[in-house]
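Working through the structure, step by step
These are the residues of each chain, in order.
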Amino acid sequence: MRRRILRSMLTVLTLTTVVLGVPLIYTAWLWVEDITRNDLQNRLDRIATEIIAQERDGTVSGELDIRSVAPLVPENGRLTIVYPSQRDNAVRRDVGVADVSDPLVESLSMGKSASLRLEVPSAPMHAMQRQAVAVVALAVLASLGAAVSVAVVTARRVADPLRDVAARAARLAMGDFRPDPRRHGIAELDRVSDVLDSATVEIAGRLQREHALVADVSHQLRSRLTAVRLRLDELSAHADPEVVHEAEEAMAQVDRLTDAIDDLVRASRDEDAADRDPVPVMDELRGVVAEWKHPFTEAGRSLTLTGDESLRAPITGSRLREAVTVLVDNALMHGGGTCTVSVRSVRPGADREPLVCVEVADEGHGVRDELAPHIFDRGFSAGGSTGVGLALARALVEADGGRLELQRRRPALFAVFLGSKARPANSVVPEPR
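Fair warning: this is a prediction, and the values are worked out from it, not measured in the lab.

Quick look at the nonpolar core now. Ranked by internal contacts, the top residues of the largest apolar core, which has 39 residues, are Val358 and Leu418. Listing elements by their share of this core, those giving two or more residues are α5 (281–298), α6 (317–334), β8 (339–346), β9 (355–361), α7 (389–399) and β11 (413–419). For this core, the leading source of residues is α6, giving 8 residues. Beyond its immediate stretch of four places on either side in the chain, Val358 contacts Val281, Leu285, Val324, Val341, Ser342, Val343, Phe414, Ala415, Val416 and Leu418. Within the second largest apolar cluster, 27 residues are counted, among which are Ala28, Leu44, Leu104 and Leu118.

Have a look at this one:
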């Protein structure tokens, strides 16, 4: 940010320097020339005054006394005087050097009395012009340097507090709720810091209440599940083998549900997926597919699991299972044909780590175009459900640093991208579907 602010300020300063400096340099150039020409014009006026004085005394009618005007001619200059005479119509007298190279000329007409022409070399004037331009340029550069120094200090004073506030907001997003008493002397940023302080207290309080609520709810659920399991355990002693079988199946479901609750409670207390050990993705999904095979069979459909057994990802197994369960349930409720859960490795770029992609696809009519932009919105449903499932699935995946996307609308294909610790030899880049 400091670089962007500094670049913007330097651009403005450079444009201002060019817009003001170039006309100022040109003005200095013309100013030196104007001073030189005024000096020549003043000399011509004094020479004309001397000639008029000699004319008044009657000298010009004879011979002009050039000794009185010679001191007024600049060094290396030449004065040409043309005046009337009794013997000739006009007499020309030259005072100074015989020839002036690259002359700067000023002239003065005195009517019938005389005409004057003063020539001086232009080289000294050009030298003075270059000196004036150099002085002005140095002044412009000095002012630009001072402005750059001020811009650097200003950019640092503005960017550093912004970076501190942004870092503090990032720490807050990562769950660091420690207060920060630093203030930067900028009213707007200090106001943002005050708001972050208030938000820190509020978020910390809410998280504490939510964790307490999760603990209470999980305790109550486990208590109720324990009671259900005890009733099912009694049914397992029934004389009818079919009742015993159903009771045992129900107890297995209760045990899986209890384990899922425990995993989710533990995951809610540990939000960092980067430090987790990679888990085999296929092993986590195999139980989900086995659990849902029977409902698909009853619906006259099939559910299959394919993929690379070696792929692992640093994720929470319970979160992945719950997210894929939501996708498989949606495929059963709203899809058609065979539902396929596949696991493969994808490489998003040549210089990036490979990812594990879990795809859930079916052969149904897919997602309508008007529903696709809102399909992950919490509370949105086109089939009369609660509209929580897909929003929950995306939240669970994102909690482990992954992402859930609708890759294809017709037929529907959902993709879960997970960070991978494996580097498979035959990784591919995911293609749009």
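Continuing now.
Further remarks concern the sheet that holds β9. Strand order in the open sheet formed by 5 strands is β6-β8-β9-β11-β10, with mixed pairing between adjacent strands. If you trace the sheet from one side to the other, it starts and ends with β6 (303–307) and β10 (403–408), each paired once. Taking the axes of each pair of neighbouring strands and ignoring which way they run, one obtains an average angle of 20° across the sheet. Summarising the sheet, β10 and β11 pair through 5 bridges and their orientation is antiparallel. Looking across to β11, one finds that Arg403 is bridged to Phe417. Across the sheet, α5 lies against β6, β8 and β9, angled at about 165° from β6, the strand it touches most. Sheet strands in contact with α6 are β6, β8, β9, β10 and β11, and its direction is about 25° off that of β9.

Take the sheet that holds strand β3 (residues 103–109) next. Spatially, 4 strands are ordered β2-β1-β4-β3 in an open sheet, and the strand pairing comes out antiparallel. Bordering the open sheet on either side are β2 (91–96) and β3, each of which pairs with just one other strand. Sheet twist, expressed as the average angle between the axes of neighbouring strands with direction ignored, equals 15°. Both strand β1 (residues 78–83) and strand β4 (residues 115–121) contribute to a ladder of 5 bridges, which runs antiparallel. Bridge pairing in β4 links Thr80 to Arg117.

Another point: the pairing of β1. A regular strand carries its side chains on alternate faces of the sheet. With respect to burial, β1 is a largely interior element, 5 of its 6 residues being buried. Sheet analysis places β1 next to β2, joined by 6 bridges and oriented antiparallel. Across the sheet, Val82 pairs through a bridge with Arg92, a residue of β2.

Each neighbour pair has its own omega, and for Arg410 with Pro411 the value is -20°, a cis peptide bond. On the secondary structure map, Pro411 appears in the loop between β10 and β11. Of note, the phi angle at Asn76 is positive, near 65°, even though the residue is not glycine. As for its placement among the helices and strands, Asn76 is situated in the loop between α1 (2–57) and β1. Under the relative-accessibility criterion, Asn76 is labelled partly exposed at 48%.

The rules behind the values
- Residues numbered from 1 in each chain as written.
- Predicted model: local features only at pLDDT ≥ 70, side-chain atom pairs only at ≥ 80, totals over all residues.
- Heavy atoms only, no water.
- Core = buried A, V, L, I, M, F, W, Y, C linked by side-chain atoms within 4.5 Å.
- Buried < 20%, exposed > 50% of the residue type's maximum accessible area, 1.4 Å probe, protein only.
- Helix = DSSP H or I, 4+ residues; strand = E, 2+ residues; numbered from the N terminus.
- Contact = heavy atoms within 4.5 Å.
- Pairing = 2+ DSSP bridges.
- Axes fitted to C-alpha atoms, helices over the stretch in contact; angles between N-to-C directions.

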